[in-house]
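Notes for the structure review
Chain residues, written in single-letter form:
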Amino acid sequence: MWQPVLMICGYFITVLGIAMLFPAAVDIYYSRLNWSVFIGTSIIAVFVGLSLFLANRGRIKDISIQQAYLLTVLSWVSVTVMAAVPFVFYGVSWPDALFEAASGVSTTGATIFADVESLPRSVLLWRALLNGMGGVGIVIFAIAMLPFLGIGGMQIFQRENSDVNEKFMPKISYIAKRIILVYFILLAACLACLKLAGMGWFDALCHSLTTISTGGFSTKNSSIGYFNSASMEWIITLFMFLGALPLTWYHSLWMTRNMHSLRSAQVIAFVKVLGFYILFMTVWLIWRGIYAPAEALRQAAFNVTSVVTSTGFSSADWLSWGAFATMAFVIFAQTGGCTGSTAGGVKIFRWQVIFAQLKRSFVTTTEPNRMMPLKVGRTVIGSAVANSVFVFFVVYVFSLVFIAAVIALTGVDFMTSFGATLACLSNSGPGISDNIGPVGNFESLSDLVKLILAFTMLLGRLEILTVVALFSRSFWR
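Note that the coordinates shown come from a computational prediction; the quantities given were computed from them, not determined experimentally.

Parameters and conventions
- Residues numbered from 1 in each chain as written.
- Predicted model: local features only at pLDDT ≥ 70, side-chain atom pairs only at ≥ 80, totals over all residues.
- Heavy atoms only, no water.
- Phe/Tyr/Trp six-rings, centres within 6.5 Å; stacked < 30°, edge-to-face > 60°.
- Helix = DSSP H or I, 4+ residues; strand = E, 2+ residues; numbered from the N terminus.
- Buried < 20%, exposed > 50% of the residue type's maximum accessible area, 1.4 Å probe, protein only.
- Lys NZ or Arg CZ within 6 Å of the ring centre and 35° of its normal.
- Contact = heavy atoms within 4.5 Å.
- Patch = residues over 30% accessible without salt bridge, like charges linked within 9 Å, V, L, I, M, F, W, Y side chains within 5 Å.
- Areas by Shrake-Rupley, 256 points an atom, 1.4 Å probe, with all protein chains shown as cover.
- Salt bridge = Lys/Arg side-chain N within 4 Å of Asp/Glu carboxyl O.
- Core = buried A, V, L, I, M, F, W, Y, C linked by side-chain atoms within 4.5 Å.
- Axes fitted to C-alpha atoms, helices over the stretch in contact; angles between N-to-C directions.
- Parallel < 35°, antiparallel > 145°, perpendicular 65-115°, else oblique.
- Nonpolar A, V, L, I, M, F, W, Y, C, P; charged D, E, K, R; others polar.

**Describing the packing of aromatic side chains**
Considering all chains together, one arrives at 25 aromatic pairs under this definition. Pairing Phe87 with Phe113 gives two aromatic rings, centres 6.2 Å apart and planes at 50°, and the pair type is tilted. Of the two residues, Phe87 is situated in helix H4 (residues 65-90) and Phe113 in the loop between helix H5 (94-105) and helix H6 (121-144); the sequence distance between them amounts to 26 residues. The pair Phe87 / Phe113 is uniform in exposure class, with both members buried. Three or more aromatic residues joined by ring pairs make a cluster, and in this case those are Phe276, Tyr277, Phe280, Trp284, Trp287, Tyr291, Trp318, Trp321, Phe324, Phe329 and Phe332. Positioned over the ring face of Tyr30 is Arg121, at 4.3 Å from the centre of the ring. Over the ring of Phe217 we find Arg127, and its NZ or CZ is 4.1 Å from the ring centre.

**Some words on the side chain of Asn131**
For Asn131, the position within the fold is in helix H6. The class of Asn131 is buried, set by a relative accessible area of 0%. Setting aside residues up to four positions removed in sequence, Asn131 forms contacts with Ser103, Gly104, Thr107, Tyr183, Leu209, Thr210, Ser213, Gly215, Gly216 and Phe217.

**Looking at a nonpolar patch on the surface**
Taken together, the side chains of Tyr11, Phe12 and Val15 define a hydrophobic patch exposed on the protein surface, amounting to about 270 Å² of accessible area. Its location among the elements puts Tyr11 in helix H1 (residues 2-19).

**Comments concerning the nonpolar core**
Of all hydrophobic cores here, the largest spans 148 residues; its most connected members are Trp126, Met281 and Phe442. For Trp126, the residues in contact, after removing those within four places along its chain, are Leu16, Ala19, Met20, Pro23, Phe38, Ala83, Pro86, Phe87 and Met133.

**Structural notes on the pattern of salt bridges**
Between side chains of opposite charge, a pair can form as their charged atoms come close. In this structure the tally under the stated criterion is 7 salt bridges. In this structure, Glu295 engages Arg298 in a salt bridge whose closest nitrogen and oxygen atoms are separated by 3.4 Å. Residue Glu295 and its partner Arg298 are both found in helix H13 (residues 293-308); the two are separated by 3 residues, about one turn of the helix. Using a relative accessible area of 26% as the deciding quantity, one classes Glu295 as partly exposed. The partner of Arg350 in a salt bridge is Glu463, with the nearest N and O atoms 2.9 Å apart. With a gap of 113 residues between them, Arg350 in helix H15 (residues 348-366) and Glu463 in the loop between helix H18 (447-461) and helix H19 (465-468) connect regions that are remote in the sequence. Here the residues in one salt-bridge network are Glu233, Glu295 and Arg298, joined through shared partners.

**Structural notes on the packing of H15 against helix H16 (residues 383-409)**
Running from amino to carboxyl end, H15 crosses H16 at an angle of 110°, the nearest separation of the two axes being 10 Å. By the criterion of interaxial angle, the relationship of H15 to H16 is roughly perpendicular. Here Phe349, Arg350, Trp351, Val353, Ile354 and Gln357 of H15 come into contact with H16, specifically with Val385, Ala386, Val389, Phe392 and Phe393. In the contact of H15 with H16, the residues fall into 9 nonpolar, 1 polar and 1 charged.

In short, the description is geometric, and any link to function would need to be established separately.
See below:
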């Protein structure tokens, strides 16, 4: 059972180790002070990864559901632990390093660094690379693995002849190639646009990686607000939106020109919801006299898109907009992007299924003999998909309440414990209290709370049920 799991985990760790050479090269070019941190960690990661890979090497023709669950969880945990090692060698404690690594890999964007600008460029690039690799990694995982596992309605995205049990490696290879191509095209376009807008090459590269991945790590303490540039904010707003669309949708749209698939219905719904949120918040800011109309639209578009797509950038402290605005941002964070995108949250497709089910329930209550199929767009949703969405939502809410209660037991106040759990479980980044809000950080929290939140970030990114299944007794029978 363990052979394919350990082999693929070893492959991921090896790739991570090779990626550490990039920040090492950057440090050698700029300062030559911290290159040994990444060279040393790279050697360790490559050694561990190759050892696991070679010791368990073999041709994988199929994979069981039990192996798929183990592979999903262990690969992300092992990559997170190894990604934390450079931070430890740099001088950060293990709890802080695990929190930062989990935030990077899960593309949450929460940070324990109070002064990001004091960090060397090698560490800044490493944070951005973790966002970039985590973003493309989660999309491949979501498209290839979650339908196989039937997590939260994701099986609706299975295509004909895509049985992972029989064609696991060919499927992963095919999916990875087209997703990575789209990902790099978006990344290059974002980089070029930010450079043309006046951002330096290094900052543009880091922010491109963290924008397309909807990760949110910035090279500045004030995030995007540091640049005070309308053009940069509109560019990043656009690419956060593009990153929140299914990456396979771009490929399908290019190949088939078909706008009537389930994914297109999901994209249309996402555009409508995001547009409504932005318009609503713009009107609120104008009505409250916080900004003039043009500035209100700019601030609303950027910050609402950032939270809805679970990116975590900020151009202003939206907590200062009032209690109602703060509550609105809590709702925005739970919306999420599209399935098969780099964005986190509940995901717009699940909300479509939930509201479709509510609509059908209201109709059948007054017309019990009416036969009404459950539909999202033009696609009929089966009962298995609807049930799995319901189970996911219930477990999501339970996890939110339970983890927030555990953190509160450590002595953390309600707003901080609830806000931190909400931000980490939805992978949206900033919390709803001043110390961990859009202009704050998580440094002040205890080591225990940071470890709990690191686990919460991975829990949310792996769609919760994937992790929870490993704690059931029936799984190990």
